[in-house]
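# Structure assessment
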Amino acid sequence: MKIGIAADHAGLEQKGKLLELLKEKNFDIEDFGAYKYQGDDDYPDIVSPLAKALSEKKIDRAIAVCGSGVGVSIAANKFPGVRAALISETYSAHQGVEHDDMNMLCVGGRVLGTSLILEIILAFLNAEFQKDERFVRRLNKVLDIEKEYFKLN
């Protein structure tokens, strides 16, 4: 599984710690920036390359960190095929994948500690979409909405 990660200035410190921990666990992870602290960077600029890579299936899952996690989740969901959610505990991290095929995890670097974020990430990465009829039916309804409003062919 190829994983992408990105953070703005408010999530940069957490991202650095998470990158180290994930590499220690032998995850295939690509850093999409930011690479240095820039206090005036904007989360849409930071999360867009990550969301685009996910949308284009260049990566399988994505992790985005900003101060609260809200901004990156809003911006990321503007990309076709991206199903991003702000998560602050482990149950929703795995349930979002298992039931909703969530493919981007968004977290608040100023809200959660590194240990909890890592637990959330591991729950997200170790989960798989359950292809029960009801979950597939619901996902197809979401995909239909996306096709209609994103005007995809």
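Note: the structure precedes this text.
Let us look at the structure shown here. Quick caveat: nothing in here was measured; it's all calculated off a predicted structure.

## Some words on the packing of helix H1 (residues 12-24) against helix H5 (residues 114-126)
Following both chains from N to C, one finds H1 and H5 inclined at 55 degrees, their axes separated by 10 Å at the closest point. As the angle between them shows, H1 and H5 are arranged oblique. Crossing geometry of H1 relative to H5 is assigned as right-handed. Seen from H1, the contacting residues are Gln14, Lys17, Leu18, Leu21 and Leu22; seen from H5, they are Thr114, Ile117, Leu118, Ile121 and Leu125. Class assignment of the residues belonging to the contact of H1 with H5 gives a composition of seven nonpolar, two polar and one charged.

## Regarding a nonpolar patch on the surface
A cluster of nonpolar side chains, contributed by Val70, Ile74 and Leu86, occupies part of the molecular surface with about 240 Å² of accessible area. Mapped onto the fold, Ile74 is located in helix H3 (residues 70-76).

## Things to note about the layout of surface pockets
Computed from the structure, the largest pocket encloses a volume of approximately 300 Å³. Lining the largest pocket are 17 residues, and of these Asn77, Val82, Arg83, Ala84 and Val142 sit closest to its centre. Broken down by secondary-structure element, the contributors of at least two residues to the lining of the largest pocket are strand S4 (84-86), helix H4 (90-100) and helix H6 (133-150). Approximately 220 Å³ is the volume attributed to the second largest pocket. Together, Leu54, Ser55, Lys57, Ile59, Asp60, Arg61, Pro80, Gly81, Arg83, Asp101 and Asn103 line the second largest pocket. In terms of residue class, the lining of the second largest pocket is made up of three nonpolar, three polar and five charged.

About the thresholds
Positions within a chain are numbered from 1, following the residues in the order the chain's sequence is written. Only residues with pLDDT of at least 70 get local features here, since the model is predicted, and only at 80 or more are side-chain atom pairs given and counted; chain-wide, interface and lining totals rely on the full set of residues. As a convention, hydrogens and water are excluded, and side-chain values are obtained from all of the structure's heavy atoms. Angles here are taken between N-to-C directions and fall from 0 to 180 degrees, while the axes themselves are lines fitted to C-alpha atoms, restricted in helices to the stretch in contact. Helix numbers and strand numbers start at the N terminus; a helix is a DSSP run of H or I with at least 4 residues, a strand a run of E with at least 2. Oblique is the label for any angle not under 35 degrees, not over 145, and not in the 65 to 115 range, which are roughly parallel, roughly antiparallel and roughly perpendicular in turn. Handedness of a crossing is defined here by the sense of rotation of the near helix relative to the far one, left-handed for an anticlockwise turn of less than a right angle and right-handed for a clockwise turn. Contact definition: two residues touch when any of their heavy atoms are within 4.5 Å. Just so you know the grouping, Ala, Val, Leu, Ile, Met, Phe, Trp, Tyr, Cys and Pro go in nonpolar, Asp, Glu, Lys and Arg go in charged, and all remaining residues, Gly too, go in polar. Patch criteria: residues need more than 30% relative accessible area and no salt bridge. Like-charged residues are merged within 9 Å; nonpolar side chains of Val, Leu, Ile, Met, Phe, Trp and Tyr are merged within 5 Å. All accessible areas in this document rest on Shrake-Rupley with a 1.4 Å probe, and a residue is counted as covered only by the protein chains that are shown. One side-chain nitrogen of Lys or Arg within 4 Å of one carboxyl oxygen of Asp or Glu is enough to make a salt bridge. Using a grid of 1 Å spacing that covers the protein atoms alone, one calls a set of points a cavity when a 1.4 Å probe fits there but cannot get out, and a pocket when the set is open and has protein on both sides within 12 Å along at least five of seven lines; lining residues are those with an atom within 4 Å of a point. Grid points are joined across faces, edges and corners, and a volume is the space filled by probe spheres set on the points.

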